[in-house]
Each structure stands twice: as structure tokens, then as C-alpha cells.
Amino acid sequence: MNNLKSRIAKEKRFKAYGIISITTALTLLTILFVSIFSQGYTAFQETRIQLPVYFDQEILDPNKTNDWNIIKKANFNGLVKQSIRNLFPEVSGRSNKRKLYKIVSSSAEYQIRNIVNNDLSIIGSKQNIWVLADDDVDMLIKGNINRNLPENERRIDDQELMWIEYLESENLIKKVFNKTLFSSGDSSESEQSGILVALLGSFYALLITLVLSFPIGIATAVYLEEFAPKDNKFVDFIEVNINNLAAVPSIIFGLLGLAIFLNFFEMPRSAPLVGGMVLSLMTLPRIIIPARAALKSVPPSIREGALGLGASNVQAVFNHVLPIATPGMLTGTIIGMAQALGESAPLLIIGMVAFIVDIPQGFTDPATTLPVQIYLWADTPERGFVERTAAVIMVLLIFLVLMNSLAIYLRKKFEKNIT
Amino acid sequence: MFDNEELLKETKSQALNSETVGDIHVDDPRIIAKNINVFYGDKPAINNASIDIGKNEVLAMIGPSGCGKSTFLRCLNRMNDTIDACRVEGELFLDNENILDKKTDVVSLRAKVGMVFQKPNPFPKSIYDNVAYGPKIHGMAKNKIELDEIVFKSLDKAGLFEEVKDRLDAPGTSISGGQQQRLCIARTIAVSPEVILMDEPCSALDPIATAKIEELIYDLKKNFTIVIVTHAMQQAARVSQRTAYFHLGNLVEVGPTSKIFTTPQHKLTESYITGRFG
């Protein structure tokens, strides 16, 4: 009786340990997600200020050429400043005016320039244009700067606060969806910076990784598992090496890429092409090992059944073994790709850690990747970059969740086909 | 298991003496095995076995576990090739062709000598595709109509058609164990083999499914030569015309089934069929 009681108690205790550890893990995860999301969700909005812009013929095109090549050299900055002055005509004095100009982002002049470029007939008219606010204003509007702090403890002084509150009362300032975040590259001004370069960089690099490592990895796994001679020293040597490679720190692959791809083959620096190649080196063993495990788990009776019917080895493998092993192989591949997506260390070494403003047009243009962008922005102290860092983490997490869900979906789908 | 020391000693001395008792020859042989030796690495598994297998006969191979009967069976369609450490020596003629010759094409050999395994192993495909796979890879059907005919005929011969005709698209793994085994037999028949090897085909099945398979074997005998390995002596007695008794890698005795089970000549055979070890 006693024995039975203690056995039941033991089982209960063991279950409790399991529940406790799961709860702990979930709590920690929740804390992580809450902290990232609470910091990052505001980054998906940006603050815009409505400026009454008078597209003054005198400033833009005094000679009435109507020629963009001449107009583009006009003083758009002055136009913006004039528009701001129109909003606050009472502000006087050089330093006050300079302070006033700073409530609008420096990108405003390019925005206005683009508007003129798109439609030259706008010259001479008056338009209300929503331009990007400066990052400090943005932070204040989003509540990241406390208005009730004493003046010397906040980045916005009382005078600026007064202007902003005037704009608020006139409904001349609003928060909109942050298009800039998804349509521009890096910038030293946080309100003008975006992750498009990193997104495209990650996309191009992963594409290269997939194209290189998937066929090579699967073919290697199939050969080693199904066709390679057993008890062969050379095959054993290769196997040991593949297993070792899976455990090599990823930064070593970066050094390898630097030495071979960049220094020896003189491939372009900072390019997704090289990034993808380095990531494929890292991903290959991570695809090969699960793929071999998947092939190994196919019951030998299936292979025997096919061989017994007179199928050749190749037919048995391709008609029967591979279809059964597919879900396992795909899962391994997708998880390997997800790891590659989250990898930053090897990319730092081959120069994908750079301040890149221009959107990459192809595989050889300089780019960064999402994790590297996180690394770059996490280094910047400005409040605007803090929320953007959290936002990139969110975007990266969303991609990782999507990829892993795809892995699970594919596994379920193929398993259904088999049984 | 040996029930006494004396018998153990006796079997050991008998094992050294590899002469086969009884009549290994038949008048109309389809397969002639001469001095077959099989090794797993350095370990001998079959020791100098010679036997004829006649046309349209059912040969049962019995013997205690590890006696080499399955190994011998797998020599007949060279399935032992798939085991790396396994080495087969001797001569094995199927229709006057030495099938142990390296030049023999195992693909066409296995089409001629089909195999049914211990555990039902249908492919994870539809019932139809399971049967159609063999004819497809051997190019036996020119079009869908011919293929349909082969599949339906094979299922019918295996006594399965009536049970599955409404769900040929269902996965082969979704039917019962006995049906799965008959599906595997249908799959084997579909490539029109001359010989069917069965490696304990009923060991994973219940008595009713077993009875159905045995009936099937009885029917199939008309068109095929069947070699069946079995643990159940009653089964050997029920389905076979001739029985071969293996012991520790030796082919101890061969003879008509009725004779083996009533008046065995060899002491080992007698001990086995009377249940003194198994």
C-alpha cells in the first residue's frame, strides 16, 4: 500500500515539475514578447504635420522655364522654412526660428520636391501638405517624452511644446501608418530610417541560401543514406565532418567567407550574394542531418517491398523512400532557413553590417539583413531608434513564426498524404 | 530451447555433419540449389545446402529461430544483396540460369521471383497504386485499360477484389492486417512471377486472416511455385507438398510433407516436430 502511495505521489510530483517548467518558460516568453511589443508597436505609426505650402513661382521657377532640370535646383529648403513661418508668424529671432524649423523632419524638403516633380502645374498654388515631423516631436506625440517633466529634463523645451500643443489644438498634427519604416533604408535621422534594405537583403540572401543549400543538402543526404558504400573510411570521414560542421560557431563561417569569397574570389563586399553563400555553408549541415534522420526513419520494409517487386535501388528510393521522408526533410530545411534568417555573426564579418541608404537592386548591391539591422539600431541611443529596433525584432519574429508554421503545415499535409 | 544437455550435445555433433537426409531431388525442378553457403561477415549462416524446388509445388521451410530458413529464402531472389555483410556462395539455377551469377540482372530476377514479407508492408499509396506499381516499373501495361485489367485480376486472384473494389483509392495502409497481406500478395502476383517466396506471411495475422491466406496459397499453387517459411508446423502441414527442415544453418531433412510429419528420418526433425525444441 505504502509503495503504491509513494509511486502515485512520485508521478504527481513529476507531472508538477513538468507543469512548473512549462509555466516558467511561458512566463519568460510572455515577458520577452510584452517588452518587445510594448516598446515596438508605436514604431508602426509616424507623426505628420500639416504645412500650408505656397509653391511660390519666385522661389521655384522665377524664369518660368517649366523645366524640371532647372526647378530641381531651387531652394526647397527655403520653401519649407517659409511654410513653417506661415504657420507661426509671430516667431521672431534667429535662434527661435531655427528651433521652429526643427519641428519638421529634414526629409520635408525632399517630399515637397517630389510633389513638384510629379506635377509641375502645382507651381503657383497653395496646398496643405502633411510632412514628416522631427523624431523628438514624434516621440512627444507618442507619449515617449513626458510633458510633465521639468523643462531641463526633457528634449523638447517649453517653447517647442507650446508650438506642438498649438498644432494639436488646430488638428494640424496626426499619427498615420508608418510607411517610411517599410519603404526606406537606413538613415541617421530615426524618423527617416526604414528596414527595406534589411528586408530585401534578408530576402536575397535567403534566396541564395535556399537555392544553394537545399538541392546540395538533400542530394548529399540521399546519397550518404541510400547509395554510399557502408563501412567505407572515406564516407565515414565525410559523415564525421558534416556532424562537426553543424557544431561550428557561425562566425567561423563568416571568416571562411571573408577569406575565400571576398579575398580570394574578390566578390563584392556587403552583398547578399556572398551573405547567402556564407549562410548556405552554415545551413548545409543543418539540412543534411535532419534529412538523413528522415530517410533513416523510413521503415526498411517499404524499401524491401519495392526491391522485392523488382524495383531498382533508384526506383525504390525515389518512388517510395523519398516521398515518405519528404515532410521530415522539408521541416529540417525550413528550420535551417529560419536559423539562417536569424543569423547575424557571419554577416558582420563579410561586411553586411553597413550604413546603407540605397535600396539594393539585386544580389550584388550592398545590403544588410534584419538581424544585422537590429544589431545596428540597438547600438544607437536615440529614443526613436529604440522603438524601431523593437519593431524590426517584431518583423523578424513574425517571419520566423511564419516559416515555422509553414514547416508544421507542410509536415501535417505530407503526413496526411502518406497514411 | 533445448530441454536437456544430451540433446544439445547431439545437435552440436549433428550440426557438423551437413548431409541432408531424405530426397532433395524432384522430377520437374524449377529451382535447383547446389551447395549454397551463406556467411554474415565471417559467421556461417547456411552450410552447404542443396535442394530442388519443383514446378507448381508448395515447399515449406521449417526450423527453429535462427536456423537459416529465411536467409535461404532470401537467396532465391537475391534479397541478401541488400545486406552488406552477407555473402552467398554456391549455384542456384532458375530455368537453367545461375541467378547467383554477378551478371544476373536482379531487377528481372525479382520480377520472376516475387516475395511476400513477414509483416504486411503495403506502400503508403492507394490500394490501386500498390498493385499497379510493379507492372508500371516493368512496363507491363501499354495503357490505363491494360493496367486496370492487371490490377483487378491480381486483386481478384488474391481474393481481395470483392472486399476493396469500392475503395481502390483508399490508402493501402487503411485496410486490416490480413487484407494488407493479401494486398501484398496481389502486388507480387501483378508482375506475373514464376515463383513466390513467402517469409512467414501469417505470423502477424489472426487465425481467420491466416486461414484466408492459406486458402489463397492453395489456389495460387496452380499457377506458381511457392516457397514458404513458417514457424507454424500445422501451417506447413496444411499448405505444402514438400517440407524442408533447417537446423543451425544445415538443411537437415527434405521430404514429402506427409512423411516429414509422420515418419521423420532424422532425429533432429523428429525432436522439432514433436515439440522438444522450437
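Since the structure is predicted, the reported quantities are computational estimates derived from the model, not experimental observations.

Some words on the interface of chain A and chain B
Contacts between the two partners involve 17 residues from chain A, matched on the other side by 24 residues from chain B. Counting only elements with at least two residues in the side of chain A that touches chain B, the list comes to helix H14 (300-308) and helix H15 (313-341) of chain A. Counting residues per element, the side of chain A that touches chain B draws most heavily on H14(A), which supplies 6 residues.

Some words on the environment of A:Ser107
By secondary structure assignment, the location of A:Ser107 is in the loop between helix H5 (94-101) and helix H6 (108-118). The residues touching A:Ser107, leaving out its near neighbours within four places in the chain, are A:Leu132 and A:Gln192.

Examining the sheet that holds strand S3 (residues 173-177) of chain A
All names here are of chain A. Read across the open sheet, the 3 strands follow the order S2-S1-S3; overall the sheet is antiparallel. Each edge of the open sheet carries a strand with a single partner, namely strand S2 (126-132) and S3. When strand polarity is set aside, the average angle formed by the axes of neighbouring strands in this sheet is 40°. Pairing geometry for strand S1 (residues 45-54) and S3, over 5 bridges, is antiparallel. Residue pairing in the sheet places Thr 47 in a bridge with Lys 175 of S3.

Re the domain arrangement of chain A
The assigned domain composition of chain A is domain 1 (2-41), domain 2 (44-178) and domain 3 (196-418). Computed from C-alpha atoms alone, the centre-to-centre distance between domain 1 of chain A and domain 2 of chain A is 53 Å.

Let's talk about the pairing of strand S3 (residues 43-54) of chain B
As paired elements, strand S2 (residues 29-40) of chain B and S3(B) share 8 bridges and run antiparallel to each other. Note that in S3(B) the partner of B:Phe39 across the bridge is B:Pro44.

Focus: helix H8 (residues 158-169) of chain A
All names here are of chain A. Relative to the 16 Å expected for 12 residues at 1.5 Å per residue, H8 spans 16 Å between its end C-alpha atoms, a close match to the ideal helical length. Along H8, the residues that are buried comprise Glu 160, Trp 163, Ile 164 and Leu 167. For H8, the buried positions fall inside an angular range of 95° around the axis, keeping them on one side. Residues Asp 158, Met 162 and Ser 169 are exposed on H8 and point more than 90 degrees away from its buried face. Where H8 is buried, its residues meet S1, H5, helix H7 (135-141) and S3. The positive-phi residue at the C-terminal boundary of H8 is Asn 171, with phi of around 60°.

Some details on the nonpolar core
Grouped together as the largest cluster of nonpolar side chains are 142 residues, with contacts concentrated most on A:Val392, B:Met61 and B:Val227. It is helix H10 (residues 196-227) of chain A that provides the largest number of residues to this core, a total of 13 residues. In contact with A:Val392, not counting residues within four places along its chain, are A:Ile195, A:Ala198, A:Leu370, A:Gln373, A:Ile374 and A:Trp377. With 26 residues, the next largest nonpolar core counts A:Ile84, A:Ile112, A:Val116 and A:Leu132 among its residues.

Comments concerning the packing of helix H11 (residues 233-247) of chain A against helix H13 (residues 272-296) of chain A
All names here are of chain A. The contact between H11 and H13 brings their axes to 8 Å, and the two run at 120°. It follows from the interaxial angle that H11 and H13 lie oblique. Relative to H13, H11 is oriented so that their crossing is left-handed. In this structure, H11 uses Ile 242, Asn 243, Leu 245 and Ala 246 to contact H13, whose residues at the interface are Pro 285, Arg 286, Ile 288 and Ile 289. Along the lines of polarity and charge, the residues of the contact of H11 with H13 split into 6 nonpolar, 1 polar and 1 charged.

Some remarks on unusual backbone geometry
The phi angle at A:Glu266 is positive, at roughly 55°, despite the residue not being glycine. Assignment of secondary structure puts A:Glu266 in the loop between helix H12 (250-264) and H13. One non-glycine residue with positive phi stands out, namely B:Asp95, at about 50°. As for its placement among the helices and strands, B:Asp95 is situated in the loop between strand S5 (86-94) and strand S6 (97-98).

So, the packing of H10(A) against H15(A)
All names here are of chain A. Here H10 crosses H15 at 145°, and the two axes come no closer than 10 Å. In the packing of H10 onto H15, the handedness of the crossing is right-handed. Contacts from Ser 202, Leu 206, Thr 209, Leu 210, Phe 214, Ile 218, Val 222 and Glu 226 in H10 reach Val 317, Val 321, Met 329, Thr 333, Met 337, Ala 340 and Leu 341 in H15. Split into classes, the residues belonging to the contact of H10 with H15 amount to 11 nonpolar, 3 polar and 1 charged.

Description of the sheet that holds strand S8 (residues 195-199) of chain B
Pairing between the strands of a sheet comes from backbone hydrogen bonds, and it takes one of two forms, parallel or antiparallel. Residues and elements named next belong to chain B. Spatially, 7 strands are ordered S1-S11-S10-S4-S9-S8-S7 in an open sheet, and the strand pairing comes out mixed. The two strands at the open ends of the sheet, each matched to only one other strand, are strand S1 (21-22) and strand S7 (113-116). Pairing of strand S4 (residues 58-62) with strand S9 (residues 225-229) involves 4 bridges; the strand directions are parallel. Across the sheet, the residue bridging to Met 61 is Val 229, located in S9. Sheet strands in contact with helix H7 (residues 177-189) are S7 and S8, and its direction is about 170° off that of S7.

A look at helix H5 (residues 144-157) of chain B
Residues and elements named next belong to chain B. Here H5 spans 20 Å end to end across 14 residues, near enough to the 20 Å set by a 1.5 Å rise per residue. All of the buried residues in H5 are Ile 150, Val 151, Ser 154 and Leu 155. Take H5 and look down its axis: the buried residues cluster within an arc of 125°, on one side only. Looking at H5, the residues exposed on the side facing more than 90 degrees away from the buried face are Ile 145, Glu 146 and Glu 149.

Definitions and cut-offs
Residues numbered from 1 in each chain as written. Chains lettered and ligands numbered in written order. Predicted model: local features only at pLDDT ≥ 70, side-chain atom pairs only at ≥ 80, totals over all residues. Contact = placed C-beta atoms within 7 Å. Helix = DSSP H or I, 4+ residues; strand = E, 2+ residues; numbered from the N terminus. Pairing = 2+ DSSP bridges. Axes fitted to C-alpha atoms, helices over the stretch in contact; angles between N-to-C directions. Domains from an automatic or database assignment. Expected span 1.5 Å × (residues − 1). Buried ≥ 20, exposed ≤ 12 C-beta atoms within 10 Å, placed from the backbone. Arc of directions from axis to C-beta. Core = buried A, V, L, I, M, F, W, Y, C linked by C-beta atoms within 7 Å. Parallel < 35°, antiparallel > 145°, perpendicular 65-115°, else oblique. Left-handed = near helix turned anticlockwise from the far one by under 90°. Nonpolar A, V, L, I, M, F, W, Y, C, P; charged D, E, K, R; others polar.

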